[in-house]
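# Structural overview
So you can see what is in the structure, the chains are spelled out below.
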Amino acid sequence: MDAGDPSPLRHFVVAKRSITSTFDQLLEFVKDGSAFVDEAWRSDDLAQVVLEEQRLEMQSCATKLSAIRDVVLRRHMKVAFFGRTSNGKSTVINAMLRDRVLPSGIGHTTNCFLRVEGTDGDEAFLTTEASGDRRSVSVRRARWFQREFRCLDEWDAHLPPPPPPQTVNQLAHALHMDPTLDAGSLVKVFWPKSRCALLRDDLVLMDSPGTDVTQELDSWIDKFCLDADVFVLVGNAESTLMNTEKLFFHKVSERISKPNIFVLHNRWDASVSEPEYIEEVRRQHLERCVSFLAEELKVVGLEEAAGRIFFVSAREVLSSRMQRAQGMPETGEPGGALAEGFHERLREFQMFERTFEEFISQSAVKTKFEQHTVRAWQIAEAIKAVMDAINIASADKKIFCLEEREDQRDRLDFVRGQINRLSNNVKERIRSLTDDTAAKVATALSDQIRSLPVLVDEFRADFSSTQETLERYKTKLLQHVEERIVSGLAHRCSVAVLRDIRDAQKHMIDSVRPLLSQSVQDQLTSPSASFELTYDLGLAALCADFRENIEFQFSLGWTALVTRFIGVANAKRALSSSDPRLQDNSTFKDEMLVSIATGLISVTSRASMTVLVIGGVVCRSVGWRVIAVSLSLYGLLYLYEKLTWTNASRERVLKQQFVEHAARRLRAVVPVSSSACGQQVCKELSSTFNRLTQRVDLSEAELEGNIRQLSFRIQRLENIQRRSKAFRNRATELETQLETFSLRYLQGH
């Protein structure tokens, strides 16, 4: 309770404000936590960190807490007044409210439930179950109605008509005029808090019809009594407790565990007329009520039961308080006479109010908030369990991601190191295969050059000495020779070289495959089998300067002898002596041979006389017959050769000349051709390895992407850990607030 407000009811108000604040914080916390869990659950990269059950649990907690908060906001202290008809229940309520709020007095019988609660507005109004519309309650008209019409049967035509049926008196007293209201109906009366201090502290007072007017007590209890904190049994001091009253509270006790019951013996001012029996009657009433509360209902102990029973006169208290409010002397009676024992009865009523207020404030706090406090604590525990589970799951996932990232980094370093070493090995192997291929091609091409006469001799085509035919013949000869050489090279080299290439490619793939990720491995394909080693000799270009000489030449002529002795090229130089370029390119040996041959020719041409002299000497030595025979044989041989100089001879000479020329040209290009084949092998293997390294680059990029993704995921998991810890700590703080509330308001009394 606030120190400045002596009302015990403030205890409930302060407790409600405290628990409402806690629930507001808890609800906001649960909503934030639910949003956090939902966000984490929807993240695809955080699978298994938050389960769907946990997300649903948080949503359920938010829903439950919102509902509990709404209930707490609607919670108020409720006291229900029961008793037989005309025992003064409404008068007791009016006395407590210090105003004539409810209809009471002669002829005023409450035929439905009237619920009185405060409103922050300045105008009083009421609502009914049948209609939620507000009906204005005119206090002036209500009092005018009570003053002018003591009952409905006293209607006088000369009086002005009554106000419209919108006052409490008219609705409660004339129920038979409203078919929508019966004994089980509820009329809510909202009275301005500014006019009644009792209603400022969330107190609701429930007036009821008499317990003797209906048999539907069970429905009354279920509908109006289950949330009541205190029951006030208003009895008639002129009679004892009746079975109808006992039956009602027995039924209440069956549905509510140990209901809090006060007993008011109203109209105790009637005992003034028989003062000699006051104490005896009081004792009898007290004993019977104590027995009823402690022994029959067993809702309170014998020593506590007497403190729940009071003897009052509500009518006197109401009159006294209204007179004080109007500045009149307190007499306790409308007529102004102070009844005997009034002050004792007033103090008894005030004691009842004080006891009632203290009891209901403490009881209401416990009954209204204890269960919700426990439920809120359970929700906080459930949230802590969810956050702990998320924290543990995120920690485990973080450890897994850290290990996975470390593995990925190690894998990346391994791949980079291996590909560097493999690159060096592959380059060395490519270089070796390139050299081997060049050597194989050079050897095979040299062999083909040596077998060139056979290849040329195999050629068959139409031959004629005409220029056009010769050109066509040479073109076909070139094609034939090149095709046979290429075919021979392919037979000798291609199979072995292709086998070496396939082995090298397979070795590359087998070496690179372990460095690739599974997704890249699935995309890895075998190298294309379309590669073929090509031998581009360019024989036509090489032999473009070939000039055949198929003119007749006697085999024993000077030109033939010189040619046979020093070679065709040197013979041409020696015989012509007109091409200095040929002289510049000849060797020392060739120069010597040419010099000798030239000298002989010069001597022959200049010393014909010497020849004749020498011939005469020889003739005289061997005889002219021998010389004649020799000259005849020489001439016959010349004639034979001249006659046998046919196209076949010309073709044979051309082939011999072509073989010599082509062999010389091909020997010159052997290094170039073999190197070109080696470069083809090098290019094919390098292209294969480049494609494989591109795959490795893709795997490295994938590893780097995985590492970045894992790093981002680790950051997310750390954030989830941090936030889950913060939510758990906040839940602990709210639990501390709930425990503080429980110690202060639920366990401190």
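Structural notes, computed from the coordinates. None of the values given here were measured: they were computed from a predicted structure.

So, how was this worked out
- Residues numbered from 1 in each chain as written.
- Predicted model: local features only at pLDDT ≥ 70, side-chain atom pairs only at ≥ 80, totals over all residues.
- Heavy atoms only, no water.
- Helix = DSSP H or I, 4+ residues; strand = E, 2+ residues; numbered from the N terminus.
- Buried < 20%, exposed > 50% of the residue type's maximum accessible area, 1.4 Å probe, protein only.
- Contact = heavy atoms within 4.5 Å.
- Areas by Shrake-Rupley, 256 points an atom, 1.4 Å probe, with all protein chains shown as cover.
- Axes fitted to C-alpha atoms, helices over the stretch in contact; angles between N-to-C directions.
- Parallel < 35°, antiparallel > 145°, perpendicular 65-115°, else oblique.
- Left-handed = near helix turned anticlockwise from the far one by under 90°.
- Nonpolar A, V, L, I, M, F, W, Y, C, P; charged D, E, K, R; others polar.
- Expected span 1.5 Å × (residues − 1).
- Arc of directions from axis to C-beta.
- Pairing = 2+ DSSP bridges.
- Patch = residues over 30% accessible without salt bridge, like charges linked within 9 Å, V, L, I, M, F, W, Y side chains within 5 Å.
- Salt bridge = Lys/Arg side-chain N within 4 Å of Asp/Glu carboxyl O.
- Lys, Arg positive; Asp, Glu negative; His and termini not counted.
- Charge placed at Lys NZ, Arg CZ, Asp CG, Glu CD.

Glancing now at the overall build of the protein chain. If you tally the helices and strands in the protein chain, you get 22 helices and nine strands. Counting every position in the protein chain, which comprises 749 residues, the buried fraction comes to 45%. When contacts within the protein chain are restricted to residue pairs at least 6 apart in sequence, those whose partners lie at least 24 apart make up 80%. Only carbon and sulfur atoms are counted for the fraction: they give 52% of the accessible area of the protein chain, which is about 39300 Å².

Turning our eyes to something else, we now look at the packing of helix 1 (residues 10-42) against helix 11 (residues 342-450). For the pair helix 1 and helix 11, the least separation of the axes is 11 Å and the interaxial angle reads 20°. On the basis of the axis angle, helix 1 is roughly parallel to helix 11. The chirality of how helix 1 crosses helix 11 is left-handed. Tallied by class, residues from the contact of helix 1 with helix 11 come to 17 nonpolar, six polar and two charged.

One turn of the α-helix equals 3.6 residues, which is why residues spaced by three or four share an orientation. Between its first and last C-alpha, helix 7 (residues 243-255) extends 19 Å over 13 residues, near the 18 Å set by a 1.5 Å rise per residue. Inspection of helix 7 places Glu245, Phe248, Phe249 and Val252 among the buried residues, and these make up the whole buried set. Summarising the axial view, the buried residues of helix 7 lie within an arc of 90°, below the 170-degree limit, and thus occupy one face. Turned more than 90 degrees from where helix 7 packs its buried face, Asn243 and Glu254 sit exposed.

Right, let's get into the environment of glutamate 304. Within the secondary structure, glutamate 304 sits in helix 9 (residues 302-305). What makes glutamate 304 partly exposed here is its relative accessible area of 45%. Placed 14 residues apart in sequence, glutamate 304 and valine 290 show a C-alpha to C-alpha distance of 8.8 Å.

Attention now goes to unusual backbone geometry. If a residue is not glycine, its phi is most likely negative; likewise, a peptide bond is most likely trans. The phi dihedral of serine 86 is positive, around 65°, even though this residue is not glycine. Take serine 86: it is sitting in the loop between strand 1 (77-82) and helix 3 (89-97). Overall, the relative accessible area of 45% leaves serine 86 in the partly exposed class. With a phi angle near 55°, aspartate 202 is a residue other than glycine that sits in the positive phi range. Tracing the backbone shows aspartate 202 in the loop between strand 5 (186-192) and strand 6 (203-207).

With that out of the way, let us pick up helix 2 (residues 52-74). Here helix 2 is 23 residues long and its end C-alpha atoms lie 33 Å apart, about the 33 Å a rise of 1.5 Å per residue gives. Of all the positions in helix 2, only Gln54, Arg55, Met58, Cys61, Ala62, Leu65, Ile68 and Val72 are classed as buried. Buried residues along helix 2 sit in contact with helix 1 and helix 11.

Attention now goes to the sheet that holds strand 3 (residues 125-128). Strand order in the open sheet formed by nine strands is 4-3-5-2-6-1-7-8-9, and the pairing between neighbours is mixed. Strands with a single pairing partner mark the edges of an open sheet, and in this sheet they are strand 4 (135-136) and strand 9 (309-311). Of the strand pairs in this sheet, strand 8 (residues 261-266) and strand 9 are connected by three bridges, and their pairing is parallel. Counterpart to valine 263 in the pairing with strand 9 is isoleucine 309. Against the sheet, helix 8 (residues 278-296) touches strand 8 and strand 9, its axis set at about 155° to strand 9.

Taken together, the side chains of Glu403, Glu406, Asp407, Asp410 and Asp413 make up a negatively charged region of the molecular surface. Of note, aspartate 410 is situated in helix 11. Since its relative accessible area comes to 42%, aspartate 410 is described here as partly exposed.

What follows concerns the pattern of salt bridges. Here the structure, examined in full by the defined rule, presents 35 salt bridges. Among the salt bridges present, the one from aspartate 24 reaches arginine 69, with a minimum N-O distance of 2.2 Å. Here aspartate 24 is found in helix 1, whereas its partner arginine 69 is found in helix 2, with 45 residues between them in sequence. The exposure class assigned to arginine 69 is partly exposed, which follows from its relative accessible area of 21%. For the salt bridge of glutamate 381 with lysine 384, the shortest nitrogen-to-oxygen distance reads 3.4 Å. Pair noted here: glutamate 381 and lysine 384 are both in helix 11, with a separation of three residues, about one helical turn. Lysine 384 gets classed as buried once you look at its relative accessible area, which sits at 10%. Each of Asp38, Arg42, Glu52 and Arg55 takes part in a single network of salt bridges with overlapping partners.

Purely geometric stuff here, so don't read any function into it on its own.
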